[in-house]
Amino acid sequence: MDVKIESSWKEALSGEFEKPYFASLVDTLRTEKRQGRIIYPPGPLIFNAFALTPIDKVKVVILGQDPYHGPGQAHGLSFSVPHGVQPPPSLLNIYKEIENDLGITLQKDGSLEGWARQGVFLLNAVLTVRASEATSHSKIGWMEFTDAVIRILSQKRENIVFLLWGNFARSKKELIDTSKHFVFEAAHPSPLARGAFFGCRHFSMTNEALVSRGLSPIDWSL
């Protein structure tokens, strides 16, 4: 599996990479590629969130569920698409909430790499997907891996803001030490939530929490 992962994450997760479930996960991906299946994101971008946000730089975690399964959309960052790709509906709703919350106007580019480089860890619970088959890799071992990622962040770091949107993300709260970290919960930004995400003010709340701990805020403008 052709992947790139930043050295601090490689060290922190070395135990996970050596476990049988991870070997099985890699074998599943290799088998599907040999069978000619298209898998998103491309191999070098599977760990893009880890490459852009080293473990000691994480200030905020935004947890997604599954990569986008359309061509050219997934690039290893939850909710994000590459530069020049039309932002999906959930991301447009995130932008709308930011504009309402912070009173700013955003460029509607779909890439959130600028957030990732500031310490916003854009983690999907499942890191790969077969083309046109949503949640097709949800049972091959990724969730065991990303649950370990959340536990490691909770244990090794403090004062991280975890943004849990929707019931799936909220189910991960049990992995987080809430005495050391901030956890903000809201409805999912998907249009299927019928606007319940709007008004959560998570972006101003995140910055207030960071500043209260002497940390620099996130520039949410793109």
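Since the model is a prediction, treat every value here as computed from it, not as a measurement.

About the thresholds
Residues numbered from 1 in each chain as written. Predicted model: local features only at pLDDT ≥ 70, side-chain atom pairs only at ≥ 80, totals over all residues. Heavy atoms only, no water. Helix = DSSP H or I, 4+ residues; strand = E, 2+ residues; numbered from the N terminus. Buried < 20%, exposed > 50% of the residue type's maximum accessible area, 1.4 Å probe, protein only. Contact = heavy atoms within 4.5 Å. Areas by Shrake-Rupley, 256 points an atom, 1.4 Å probe, with all protein chains shown as cover. Pairing = 2+ DSSP bridges. Axes fitted to C-alpha atoms, helices over the stretch in contact; angles between N-to-C directions. Core = buried A, V, L, I, M, F, W, Y, C linked by side-chain atoms within 4.5 Å. Salt bridge = Lys/Arg side-chain N within 4 Å of Asp/Glu carboxyl O.

1. A short note on the overall build of the protein chain
For the protein chain, the count of helices and strands is nine helices and six strands. By its C-alpha atoms, the protein chain is 50 × 35 × 25 Å across when sized along the principal axes. Across the 222 residues in the protein chain, those meeting the buried criterion constitute 54%. Taking the contacts inside the protein chain whose residues are at least 6 apart along the sequence as the reference set, 68% of them involve residues at least 24 apart. Put simply, the protein chain shows about 10,200 Å² of open surface, and 50% of that area lies on carbon and sulfur atoms.

2. What about the sheet that holds strand β3 (residues 120–124)?
Backbone-to-backbone hydrogen bonds pair the strands of a sheet. The strands run either parallel or antiparallel. Taken together, the four strands give an open sheet; going across it, the order is β3-β2-β5-β6, and neighbouring strands pair in parallel fashion. The two strands at the open ends of the sheet, each matched to only one other strand, are β3 and β6 (182–186). Recorded for the sheet is a direction-independent mean angle of 20° between the axes of neighbouring strands. When strand β5 (residues 161–165) meets β6, the two strands line up parallel, connected through five bridges. Looking across to β6, one finds that Phe162 is bridged to Val183. Across the face of the sheet, helix α9 (residues 202–212) comes into contact with β2 (60–64), β5 and β6 while running at roughly 175° to β6.

3. Considering the environment of Arg37
When you line up the elements, Arg37 lands in the loop between α3 (20–34) and β1 (39–40). Sequence separation of Arg37 and Ala131 is 94 residues, and the distance between their C-alpha atoms is 7.7 Å. Excluding residues within four positions of it along the chain, Arg37 makes contact with Glu32, Arg130 and Glu133.

4. Description of unusual backbone geometry
In this model, Tyr40 is joined to Pro41 through a cis peptide bond whose omega is -10°. Here Pro41 shows up in the loop between β1 and α4 (48–52). Residue Phe79 is not a glycine yet carries a positive backbone phi of 70°. Position of Phe79 among the secondary structure elements: in the loop between β2 and α5 (89–102). With a phi angle near 65°, Asn159 is a residue other than glycine that sits in the positive phi range.

5. Comments concerning the nonpolar core
The tendency in soluble globular proteins is for nonpolar side chains to be buried as a group. By size, the foremost hydrophobic cluster in this structure holds 65 residues, and its most contacted members are Trp9, Phe50, Ile62, Trp115, Phe121, Trp142 and Phe145. Broken down by element, the residue count for this core peaks at six residues, all from helix α7 (residues 142–156).

6. Looking at the pattern of salt bridges
The tally for this structure, following the rule as stated, stands at 11 salt bridges. In this structure, the salt-bridge partner of Glu133 is Arg37, at a minimum N-O distance of 3.8 Å. Here the residue Glu133 occupies a position in the loop between β4 (129–130) and α7, and Arg37 occupies one in the loop between α3 and β1, the gap between them amounting to 96 residues. You can call Glu133 partly exposed: its relative accessible area is 31%. For Arg117, the salt bridge goes to Glu113, with nearest N and O atoms at 3.7 Å. Of the two residues, Arg117 and Glu113 are both situated in helix α6 (residues 113–118); the distance of four residues between them amounts to about one turn of the helix. A relative accessible area of 22% means that Glu113 is categorised as partly exposed.

Function cannot be inferred from these measures alone, as they are strictly geometric.
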